[in-house]
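# Fold and contact review
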Amino acid sequence: LNQPGTYQDVTDTTVVAQFKAINETLPSFLQKQGAVYFLAWTTTPWTLPSNTALTVGSKIEYVLVDTFNQYTFEPTKVILAKKLVGKQFGGKNSFKVDTTEELKEYTSGNKKIPFYVVKEFVGKDLVGIRYEQLLQYVLPNDNPQDAFRVISGDFVTTEDGTGIVHTSPTFGADDALVAKAAGVPPMLVDDGSGHGVPLVDMQGRLREGYGPFPGRFVKNEYYKDGEAPEKSVDVEIAIDLKTRGLAFKVEKYSHSYPHCWRTDKPILYFPLDSWFVKATAKKERM
């Protein structure tokens, strides 16, 4: 991946998803707020079915914002980094109000959406909160009771997104390390022999028997010319989340993504079994 030209600028469908917190696991200062959602941004929506944690920065400042979903126009309360409120609520389609009374003046269907900052706190106050599984295709093969909770990680920044990282241990090195340290299981399913495998196979297809897109490539670039469906898996997932009021924002985003230096296709990260031989223990025999 260090070959010249491997990282290319591409435009992908990205999603800021809403993960619903389980009320009884919220700290006391949030429990009386009603339904609360965590906002997490991903440039790879196809990894959302494999989400098993949300990662926050323990010292980062976060806020609870009272607003409305721009697709369903339903009232919603969301958590994100204080520094990124301007990014997620900025622009001509939203405006800040100073009281909750002003929120009541909002009319469903109005594209200009008000928002009110309710509370401020830090990331360590959120660690341990549990949330509802976003896409309920299957549970992790091992220790599913330890999945779907908020953990902390040093790699979380407030440079982009929401300051809350959607964490899928099967498709990211940082995700795998921080989840393992917190005791969060990866989304692995039984391959029929008791061996855990990711929801996406080694050809880049979603596995049969899990979710609504069996056998679909997670990247349209993997299809032969003329065979790719009109809507990619990323787009299909985004539409599903919008319909269910679990997408806060869906937009196209240009970013740098690694490609195979031989095929020029986008690459995927996978967890692989690795075997290590302690050769020094057999040095004399060799």
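The model shown is predicted, which means the values in this text are computed figures rather than measured ones.

All right, on to the overall build of the protein chain then. What the protein chain contains, in helices and strands, is 5 helices and 12 strands. Over its C-alpha atoms the protein chain spans a radius of gyration of 21 Å, differing by no more than 12% from the 19 Å that the globule rule assigns to 286 residues. For the C-alpha atoms alone, the extent of the protein chain along its principal axes is close to 80 × 45 × 40 Å. Looking at the 286 residues of the protein chain, the share that counts as buried comes to 47%. Taking as baseline every contact in the protein chain between residues at least 6 positions apart, the subset at least 24 positions apart corresponds to 67%. For the protein chain, the accessible surface area stands at approximately 15400 Å², while carbon and sulfur atoms represent 49% of it. Taking the average place of the 33 positive charges on the side chains of the protein chain and the average place of its 35 negative ones, the gap between the two points comes to 3 Å.

Here the structure, examined in full by the defined rule, presents 5 salt bridges. Among the ionic pairs, Lys82 bridges to Glu120, the shortest N-O distance being 3.2 Å. A residue pair is termed long-range when its members are at least 10 positions apart, and Lys82 in the loop between strand E5 (75-81) and helix H2 (85-89) and Glu120 in strand E7 (residues 113-122) qualify at 38 residues.

Another aspect to go through is the packing of aromatic side chains. If you walk through the whole model with that rule in mind, you get 11 aromatic pairs. Geometrically, the ring pair formed by Trp46 and Phe171 is edge-to-face, given 5.0 Å between the ring centres and 65 degrees between the ring planes. Residue Trp46 is found in the loop between strand E2 (36-42) and strand E3 (53-56), and its partner Phe171 is found in the loop between strand E9 (164-167) and helix H4 (173-182); the two are separated by 125 residues along the sequence. In terms of burial, Trp46 and Phe171 fall into one category: buried. Where Phe217 meets Tyr222, the ring centres are 6.0 Å apart and the plane angle is 80 degrees; that geometry is what we call edge-to-face. By relative accessible area, which is 19% here, Tyr222 ends up buried. Here the aromatic cluster, defined as three or more aromatic residues joined through ring pairs, consists of Phe19, Tyr131 and Phe148.

So, on to the environment of Val250. With respect to the secondary-structure elements, Val250 resides in strand E12 (residues 247-258). The partly exposed category is assigned to Val250, whose relative accessible area is 22%. Counting along the chain gives 237 residues from Val250 to Thr13, while the straight-line C-alpha distance between them is 7.0 Å. Those residues within four positions of Val250 in sequence are excluded, and the remaining contacts are Thr13, Thr14, Val15, Tyr71, Ala238 and Lys242.

Turning our eyes to something else, we now look at the layout of surface pockets. Taken as a whole, the largest pocket holds about 920 Å³ of empty space. It is E12 that provides the largest number of residues to the lining of the largest pocket, a total of 5 residues. Looking at the lining of the largest pocket, its residues break down into 14 nonpolar, 13 polar and 4 charged. Considered as a void within the structure, the second largest pocket measures approximately 410 Å³ in volume.

For Ser232, the location among the structural elements is in the loop between strand E11 (196-197) and helix H5 (233-243). Note on Ser232: relative accessible area 15%, which makes it buried. In this view, Ser232 contacts Arg216 and Asn220; residues no more than four positions away in its chain are not counted.

Turning next to unusual backbone geometry. Here Phe148, not a glycine, exhibits a phi torsion of approximately 60 degrees, which is positive. Tracing the backbone shows Phe148 in the loop between E7 and strand E8 (149-152). A positive phi angle is found at Asp264, which is not glycine, with a value near 65 degrees. Examined against the element boundaries, Asp264 turns out to sit in the segment after E12.

With that out of the way, let us pick up a nonpolar patch on the surface. Together, Leu1, Tyr7 and Tyr269 give the surface a local cluster of nonpolar side chains, amounting to about 320 Å² of exposed area. As for its position among the elements, Tyr269 is in the segment after E12. Take Tyr269: its relative accessible area is 43%, and that puts it in the partly exposed class.

Parameters and conventions
- Residues numbered from 1 in each chain as written.
- Predicted model: local features only at pLDDT ≥ 70, side-chain atom pairs only at ≥ 80, totals over all residues.
- Heavy atoms only, no water.
- Helix = DSSP H or I, 4+ residues; strand = E, 2+ residues; numbered from the N terminus.
- Rg over C-alpha atoms; globule rule 2.2 N^0.38 Å.
- Buried < 20%, exposed > 50% of the residue type's maximum accessible area, 1.4 Å probe, protein only.
- Contact = heavy atoms within 4.5 Å.
- Areas by Shrake-Rupley, 256 points an atom, 1.4 Å probe, with all protein chains shown as cover.
- Lys, Arg positive; Asp, Glu negative; His and termini not counted.
- Charge placed at Lys NZ, Arg CZ, Asp CG, Glu CD.
- Salt bridge = Lys/Arg side-chain N within 4 Å of Asp/Glu carboxyl O.
- Phe/Tyr/Trp six-rings, centres within 6.5 Å; stacked < 30°, edge-to-face > 60°.
- 1 Å grid on protein atoms, 1.4 Å probe; cavity = no way out; pocket = protein on both sides within 12 Å on 5 of 7 lines; lining within 4 Å.
- Points joined across faces, edges and corners; volume = space filled by probe spheres on them.
- Nonpolar A, V, L, I, M, F, W, Y, C, P; charged D, E, K, R; others polar.
- Patch = residues over 30% accessible without salt bridge, like charges linked within 9 Å, V, L, I, M, F, W, Y side chains within 5 Å.

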